[in-house]
Amino acid sequence: MSEQKTRKGVVQISEVANGLIDPVLAKRAGINTMLLGSWDEIAGEDFADCTRPEKIAWPRRASEIMGEGGHQPGVLTVACEGARALFLTHAQGELIQRINSFFGFYAIGQLRIVQKPVSQQPKHRGKPKPLSGEPARRLEAMVEGIESEELKAALRRLGTAVLNPRRR
């Protein structure tokens, strides 16, 4: 991290996070955050919303197997939703070219397409129950000195959600 260029001693949080996450992703899935972050541009508008790269299976190095130098391309596993996997199968040649252009070398030789949900639907929680007893009195004491009624109402909603015993 000390090698990163800083501006007046400030380091972007994304650089710190990428520095922490990239080694884990590389070890577990063979991919990096740059590929994940650029996936929408790589996949294009046809497949950006329904696909997600999961892992790259790199073959053993040819030099380890045969004692020669050389690079073997990997197999990228891509999760795809439902029937769109059929369309992705037909367009996989173009997608492989885009991925290799992103890497700048012949990195991926094959796609493995698995059908699974890609977009995570956020869980909608219902409205929290109103507070009663000591938590309600404590919340009222916290917002007592605030003049703005709108801010007070917003803080009450937040406090109710945070202090609600059902949440835990």
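Going by the structure above, here's the rest.
The following refers to the structure shown. What you see is a predicted model, and the numbers here were worked out from it, not measured in a lab.

Moving on, we get to the overall build of the chain. Counting its regular elements, the chain contains eight helices and three strands. Going from N to C terminus, the chain has its helices and strands arranged as α-α-α-β-α-β-α-α-β-α-α. A total of 168 residues make up the chain; the buried ones form 26% of that total. Contacts spanning at least 24 positions in sequence make up 60% of the contacts within the chain whose residues lie at least 6 apart.

Now for the packing of aromatic side chains. The geometry of an aromatic ring pair is captured by the separation of the ring centres together with the interplanar angle, meaning the angle of the planes. What the rule picks out here adds up to two aromatic pairs. On the numbers, 5.5 Å between centres and 70° between planes, the contact of Phe102 with Phe103 is edge-to-face. Assessed through its relative accessible area of 30%, Phe102 is described here as partly exposed. Residue classification places Phe103 among the partly exposed positions, given a relative accessible area of 24%.

This part is about the side chain of Asn100. Tracing the chain through its elements places Asn100 in helix α6 (residues 92-103). Accessibility expressed as a relative area gives 12% for Asn100, which makes it buried. Look past the residues within four positions of Asn100 in its chain and what remains in contact with it is Phe105, Tyr106, Ala107 and Ile108.

In globular proteins that are soluble, nonpolar side chains generally tend to be buried together. Ranked by size, the top nonpolar core spans 19 residues in total, and within it Trp39, Leu76, Leu95, Ile99 and Leu111 carry the most contacts. Sorting the residues of this core by element identifies α3 (39-47), β2 (74-80), α5 (84-90), α6 and β3 (108-115) as the ones contributing at least two each. Tallying contributions element by element places α3 first for this core, with four residues. Not counting chain neighbours up to four residues away, the residues in contact with Ile99 comprise Trp39, Ile42, Leu76, Ile108 and Leu111.

All right, on to the pattern of salt bridges then. Within this structure, the stated rule accounts for six salt bridges. Measuring nitrogen to oxygen at the nearest pair gives 3.8 Å for the salt bridge that ties Asp49 to Arg84. One end of the pair, Asp49, is in the loop between α3 and β1 (51-57); the other, Arg84, is in helix α5, and 35 residues separate them in sequence. What makes Arg84 partly exposed here is its relative accessible area of 31%. Within the structure, one salt-bridge network assembled from shared partners comprises Arg52, Glu54 and Lys116.

A word on the sheet that holds β2. Spatial ordering of the open sheet is given by β1-β2-β3, a layout of three strands whose pairing is mixed. Sheet topology places β1 and β3 at the edges, where each strand pairs with a single neighbour. Shown here is a sheet whose adjacent strand axes are inclined to one another by a mean of 25°, direction ignored. Pairing between β1 and β2: six bridges, direction antiparallel. Within β2, the position partnered with Pro53 by the bridge is Val78.

Rules used throughout
- Residues numbered from 1 in each chain as written.
- Predicted model: local features only at pLDDT ≥ 70, side-chain atom pairs only at ≥ 80, totals over all residues.
- Heavy atoms only, no water.
- Helix = DSSP H or I, 4+ residues; strand = E, 2+ residues; numbered from the N terminus.
- Buried < 20%, exposed > 50% of the residue type's maximum accessible area, 1.4 Å probe, protein only.
- Contact = heavy atoms within 4.5 Å.
- Phe/Tyr/Trp six-rings, centres within 6.5 Å; stacked < 30°, edge-to-face > 60°.
- Core = buried A, V, L, I, M, F, W, Y, C linked by side-chain atoms within 4.5 Å.
- Salt bridge = Lys/Arg side-chain N within 4 Å of Asp/Glu carboxyl O.
- Pairing = 2+ DSSP bridges.
- Axes fitted to C-alpha atoms, helices over the stretch in contact; angles between N-to-C directions.

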